[in-house]
Amino acid sequence: MTENKDEVAGLLLAAGGGRRLGGRPKALLPHRGRPLVEHAVGVLRAGGCTRVHVVLGAGADAVRDQASLAGCVLVDNPRWEEGMGSSLRAGLDSLADSGARAALVSLVDQPGIGREAVARVLAAYASPLTLAAAAYEGERGHPVLVGAGHWAGIAATATGDRGARAYLKAHEDTVALVECGDVARAYDIDTEADLVHLE
């Protein structure tokens, strides 16, 4: 039996500038009295990721100052304005020499996805060739588990705000969907109206 937590690193994409939120970095949005990025890191750890890499971009210095991210590897993405694809590439690159054999990719602006969903997707890890994703009523969502054997292919196709979408679509026959709709809600915090989801 593989010890998943030692093989799979959490990869939190937290670089977004919140264009539709008046330019407030999403990582610093308040949730339960602390910056949202702290909550997201805590979810990955509670779900079984013993090491977490966090990709920062918008307001990176402020995030370092205001958020408690002890024990995380903080990765700067100077090209964060290009979209999620650049953050995913930066994050995967930071894992290249870490010994991790897969990355569990999570987004900072989805606080409705908790540790249960992380644990379920983490449990789908079998080898560096694993591709798995949380599903919500059959629709693929986050978190997404990508084995190291796929990192180069994902990095080559991750552009704009698409992240791994194109790669996963091209390999959909091999993506294990892990239903999480009973334990998580996959909304994004993108606009002022979405702020009602924060506590």
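For the structure, check the block above.
Here the residue numbering is sequential within each chain, running from 1 through the sequence in written order. The model is predicted, so local features are restricted to residues of pLDDT at least 70 and side-chain atom pairs to those at 80 or more, both for listing and for counting; the totals for chains, interfaces and linings are taken over all residues. Hydrogens and water are ignored here; the side-chain numbers use all heavy atoms of the structure.

Some points on the overall build of the protein chain
Selection rule: Helical segments are the DSSP runs of H or I of at least four residues, strand segments are the runs of E of at least two, and each set is numbered from the N terminus. We compute the radius of gyration over the C-alpha atoms and compare it with the globule rule, which gives 2.2 Å times the number of residues raised to the power 0.38. Any residue under 20% of the maximum accessible area for its type is buried, any over 50% is exposed, and the rest in between are partly exposed; the area is computed with a 1.4 Å probe on protein chains only. The Shrake-Rupley method, run with a 1.4 Å probe sphere, supplies the accessible areas, and residue values consider only the shown protein chains as cover. For the charge count, each Lys or Arg is scored as positive and each Asp or Glu as negative, with His and the chain ends excluded. Charge placement uses NZ in Lys and CZ in Arg. For Asp and Glu, CG and CD serve respectively.
A count of helical and extended segments in the protein chain gives seven helices and nine strands. A compact globule built from 199 residues should have a C-alpha radius of gyration of about 16 Å, and the protein chain, at 15 Å, falls within 12% of that. Reported as C-alpha extents along the three principal axes, the dimensions of the protein chain are approximately 40 × 35 × 30 Å. Counting every position in the protein chain, which comprises 199 residues, the buried fraction comes to 51%. For the protein chain, the exposed surface amounts to about 9,100 Å²; the carbon and sulfur share of it is 49%. If you average the places of the 20 positive and of the 25 negative side-chain charges in the protein chain, the two averages end up 1 Å apart.

As for the pairing of strand β1 (residues 8-14)
Let me state the cut-off plainly: What makes two strands pair is DSSP finding at least two bridges between them.
Burial of β1 is extensive: seven of the seven residues sit out of reach of the surface. Neither face of β1 is left uncovered, since the one carrying Val8, Gly10, Leu12 and Ala14 and the one carrying Ala9, Leu11 and Leu13 both have all their residues buried. Pairing analysis gives six bridges linking β1 to strand β6 (residues 102-107), with the strands arranged parallel. Within β6, the residue paired with Val8 across the bridge is Ala102. Two elements, β1 and strand β4 (residues 52-56), share five bridges in a ladder whose sense is parallel. Note that in β4 the partner of Ala14 across the bridge is Leu56.

Focus: the nonpolar core
To be explicit about the condition: As used in this record, nonpolar core signifies buried Ala, Val, Leu, Ile, Met, Phe, Trp, Tyr and Cys residues forming a set joined through side-chain atoms within 4.5 Å. Contacts were defined at the residue level, with two residues in contact if any of their heavy atoms lie within 4.5 Å.
Ranked by internal contacts, the top residues of the largest apolar core, which has 40 residues, are Leu12, Ala14, Val37, Val54, Leu104, Val121 and Leu145. Breaking this core down by element, the ones donating at least two residues are β1, α2 (36-46), β4, α3 (60-66), β6, α5 (115-122) and β7 (131-136). Sequence-distant contacts of Val121, defined by excluding residues within four places in its chain, comprise Leu104, Ala132, Ala133, Ala134, Pro143, Leu145, Val178 and Cys180. Residues Ala9, Val105, Val144 and Ile154 belong to the second largest nonpolar core, which totals 25 residues.

Section: the side chain of Lys26
Note that Lys26 resides in the loop between β1 and β2 (30-31). A residue is classified by how much of its surface remains accessible, and Lys26, at 12% relative accessible area, is buried. For Lys26, the residues in contact, after removing those within four places along its chain, are Gly16, Gly18, Leu21, Leu36, Val108, Asp109, Ile189 and Asp190.

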